[in-house]
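So the chains spell out like this:
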Amino acid sequence: MAKYKKKKRKRNDKAIIAVAALAAVIVIAVIAVVLVRTGKSAVQTAATQDGGSDSPGGAKTGGSVNTSGEIMDDSAVRELAEGENPEDIEIQVKTSAGYVEPGKDTLDIQKIQGFTTQAGGEESNPESAESSGQAGTVLSDPNLSVNAVGSYTGNFLEDGSDEPVADVASILITNNSAQMLQVGQVTFQVNDTETATFKVTNLPAGTSALVMEQNRREYKEDDDYSYGNTATAYIDSPSLESDKFDIEMENGKVRVINKTDQAYSRVYVYYKYVQMGGAYKGGITYRTPVENVPANGSAEAVAGHMNPDGTLVVDVQIAE
């Protein structure tokens with residue numbers, strides 16, 4: 001992989017970038033405050049997809065993708081048409097048999113499918129510090145680090161479309177903090193006139209994710225990934241409400257088993273793709289509402305991207 005070029009920028013350019021980053025942080029902070037006051041979590045922000053199913057008698061399924069970074073509401077979930085069977089709905093489940101659950105020291109870049117670090121058009125040794133970006137990429141948030149920069153070929157996940165793409169700029173990013181990265185945005189000034197932006201949500205402490213450039217920018221060796229401005233928000237690591245619920249995953253479905261004597265009108269389940277190589281796949285987080293969960297009973301929902309061999313639950317929230 002080519003060495004990242006450290007360009008000398010004018011002081012006023014740095015000031016403009018710094019001001020932009022500060023403004024992004026302020027926006028995220030304001031959103032977080034509003035969400036706290038309304039009893040909701042900011043994990044419902046950038047790159048989160050809704051999907052889900054009501055219990056029998058009023059099923060909801062499908063969902064729309066939030067690419068603007070705004071909070072999604074219930075209108076994003078469509079009602080089933082009369083006579084429509086949830087079992088007939090096309091799901092977009094991917095499997096990663098043999099995946100290693102992301103955690104501290106699980107990252108193995110060589111095993112990540114579709115990701116290539118390049119030098120002179122050839123695959124380089126991703127274990128070297130130079131090719132991995134560890135020596136050449138610095139982020140303004142010291143809690144985050146970039147392990148590698150390169151190109152990705154496969155399904156584009158960041159907008160929920162799963163469309164096939166080739167040579168999209170991608171980064172392997174690690175959350176080194178003791179908290180969950182609730183939402184993070186990294187922007188690189190890759191040349192004099194263009195930027196590359198990467199968004200990630202719900203990244204647990206100590207884990208890594210392969211994140212694709214949000215606008216599908218093609219990876220170019222001449223682009224400068226030496227410094228990234230970040231806008232981030234963190235939350236305490238979620239408990240998954242395991243004292244109240246057991247979560248069961250099936251292909252395209254999720255089931256919430258209520259272990260308490262209290263019924264819940266809505267429980268949100270957040271999950272992410274995993275892959276070989278010990279990292280999450282994509283910055284995107286999927287959210288499925290499971291409704292009308294009875295006391296000491298269970299309810300299930302359609303979760304279009306869920307598969308026990310390819311996804312992991314990262315958060316569970318009870319709607320107030």
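Residues numbered from 1 in each chain as written. Predicted model: local features only at pLDDT ≥ 70, side-chain atom pairs only at ≥ 80, totals over all residues. Heavy atoms only, no water.

**Side note on the environment of Asn 229**
Worth spelling out the cut-off: Secondary structure follows DSSP: runs of H or I at least 4 residues long count as helices, runs of E at least 2 residues long count as strands, and numbering of each begins at the N terminus. Throughout, exposure labels follow a simple rule: accessible area from a 1.4 Å probe, protein chains only, divided by the maximum for the residue type, with under 20% read as buried, over 50% as exposed, and the rest as partly exposed.
Relative to the elements of secondary structure, Asn 229 occurs in strand 14 (residues 227–235). In this structure Asn 229 comes out as buried when scored by relative accessible area, which is 13%. For the pair Asn 229 and Thr 197, spaced 32 residues apart in the sequence, the C-alpha separation amounts to 9.5 Å.

**Quick notes on the pattern of salt bridges**
Note the cut-off: The working definition used for a salt bridge is a side-chain nitrogen of Lys or Arg within 4 Å of a carboxyl oxygen of Asp or Glu.
Applying the stated rule across the entire model yields 13 salt bridges. Salt-bridge contacts for Glu 250 lead to Arg 255; the nearest nitrogen and oxygen are separated by 3.0 Å. Taking the relative accessible area as the measure of exposure, Glu 250 reaches 31% and is therefore partly exposed. Here Lys 253 ties to Glu 300 by a salt bridge, and the two come within 3.5 Å at their closest N and O atoms. With Lys 253 in strand 16 (residues 253–258) and Glu 300 in strand 19 (residues 298–302), this residue pair connects regions lying 47 residues apart in the sequence. Judged by its relative accessible area of 18%, Lys 253 falls in the buried class. What emerges from the salt-bridge pattern is a single network uniting Glu 248, Glu 250, Lys 253, Arg 255 and Glu 300.

**Remarks on the pairing of strand 10 (residues 163–175)**
In the case of a regular strand, side chains alternate between the two sheet surfaces. Threshold: Strand pairing requires that DSSP identify at least two bridges connecting the strands.
Direction of pairing for strand 9 (residues 144–156) relative to strand 10: antiparallel, over a ladder of eleven bridges. Within strand 10, the residue paired with Tyr 152 across the bridge is Val 168. Hairpin geometry of strand 9 and strand 10 is characterised by an intervening segment of six residues between the two adjacent antiparallel strands and by a positive phi of about 80° at Gly 160. Bridging between strand 10 and strand 13 (residues 208–212) involves five bridges; their strand directions are antiparallel. When the bridges of strand 13 are listed, Ile 173 appears paired with Ala 209.

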